[in-house]
Amino acid sequence: MSTDAPEAMINPEEIPAEARVGIAAARFNPELVEELIRGCVRQLNALGIGADRIEIHRAPGAFELPLLAKIMARSGRFDAIICLGAVVRGETPHFDFVAGQCARGLLDVGLEMRLPVIFGVLTTNTEQEARDRLGGDHGHAGERAAEAAAEMIIVLRRVEG
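Definitions and limits used
- Residues numbered from 1 in each chain as written.
- Predicted model: local features only at pLDDT ≥ 70, side-chain atom pairs only at ≥ 80, totals over all residues.
- Heavy atoms only, no water.
- Pairing = 2+ DSSP bridges.
- Helix = DSSP H or I, 4+ residues; strand = E, 2+ residues; numbered from the N terminus.
- Axes fitted to C-alpha atoms, helices over the stretch in contact; angles between N-to-C directions.
- 1 Å grid on protein atoms, 1.4 Å probe; cavity = no way out; pocket = protein on both sides within 12 Å on 5 of 7 lines; lining within 4 Å.
- Points joined across faces, edges and corners; volume = space filled by probe spheres on them.
- Nonpolar A, V, L, I, M, F, W, Y, C, P; charged D, E, K, R; others polar.
- Patch = residues over 30% accessible without salt bridge, like charges linked within 9 Å, V, L, I, M, F, W, Y side chains within 5 Å.
- Areas by Shrake-Rupley, 256 points an atom, 1.4 Å probe, with all protein chains shown as cover.
- Salt bridge = Lys/Arg side-chain N within 4 Å of Asp/Glu carboxyl O.
- Buried < 20%, exposed > 50% of the residue type's maximum accessible area, 1.4 Å probe, protein only.

Asks: How should I be thinking about the sheet that holds strand β3 (residues 80–88) in this particular structure?
Replies: In a beta sheet, neighbouring strands pair by backbone hydrogen bonds and run either parallel or antiparallel. Taken in spatial order, the four strands of this open sheet run β2-β1-β3-β4, and their pairing is parallel. Among the strands making up the open sheet, the edge pair consists of β2 (54–59) and β4 (117–124). If you compare each strand with its neighbour and ignore which way they point, the axes differ by 15 degrees on average. Pairing of strand β1 (residues 21–26) with β2, which is carried by six bridges, proceeds in the parallel orientation. Pairing of A24 across the sheet is with H57, part of β2.

Okay, structure coming up:
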């Protein structure tokens, strides 16, 4: 696994003052997901996106995130949707179905709705690997998801004029 992720290319002054971000978060693996949310909101705030411009909605698990993201996208209230969850491999093939379908579903929502839908779902072999992505050697996945959303808001505004 690479620890050499690119640095975010964000000038906070380029984030539109009216930009709103939705967070779709799974309730499964709550300790991990709550830390993803904390890091995500903390980074959005650091980029100038305050609590009044962030909405958090919950789904039971990662498998349900694509539907929640699509409904949020259809509302027209958001400039980006960040999807947060944690799928940890177990003893059955359940992981493969949930992680793969979640990723594909979120990709489809973003493409169909022409909206940044950020995949901030941890897909790890163990809980320790997940924890390592919540501020360890691999950085903080919630913060990285917030940065990706902000960068995509800026890039799409530039491209669309």
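Asks: Just to check I follow, could you spell out the layout of surface pockets for this structure?
Replies: If you roll a probe as big as a water molecule over the atoms, it shows you where there is empty space left. In this structure, the second largest pocket encloses a volume near 310 Å³. Together, 18 residues line the second largest pocket, and F28, N29, V87, V88 and H94 are the ones closest to its centre. For the lining of the second largest pocket, the elements supplying multiple residues, two or more each, are β3 and α3 (94–113). Looking at the lining of the second largest pocket residue by residue, the classes come out as 10 nonpolar, five polar and three charged.

Asks: Any chance you could explain a nonpolar patch on the surface here in plain terms?
Replies: A cluster of nonpolar side chains, contributed by M152, V155 and V159, occupies part of the molecular surface with about 240 Å² of accessible area. Mapped onto the elements of the fold, V159 is located in helix α5 (residues 141–160). Residue V159 is classed as exposed on the basis of its relative accessible area of 67%.

Asks: Looking at this model, I keep getting lost on the pattern of salt bridges. Mind explaining?
Replies: This structure, assessed with the given rule, holds 16 salt bridges. The salt bridge partner of E55 is R20, with a shortest N-O separation of 2.8 Å. Of the two residues, E55 sits in strand β2 while R20 sits in the segment before β1, which places them 35 residues apart along the sequence. Looking at E55, the relative accessible area reads 17%, which means it is buried. Taking the relative accessible area as the measure of exposure, R20 reaches 22% and is therefore partly exposed. Taking the shortest distance from any N to any O, the salt bridge between R131 and E31 comes out at 2.8 Å. Of this pair, R131 sits in helix α4 (residues 127–132) while E31 sits in helix α1 (residues 30–46), placing them 100 residues apart in sequence. The class of R131 is partly exposed, set by a relative accessible area of 32%. Beyond isolated ion pairs, a larger network of salt bridges with shared partners links R42, E143, R144 and E147.

Purely spatial values, then, with no claim about function.
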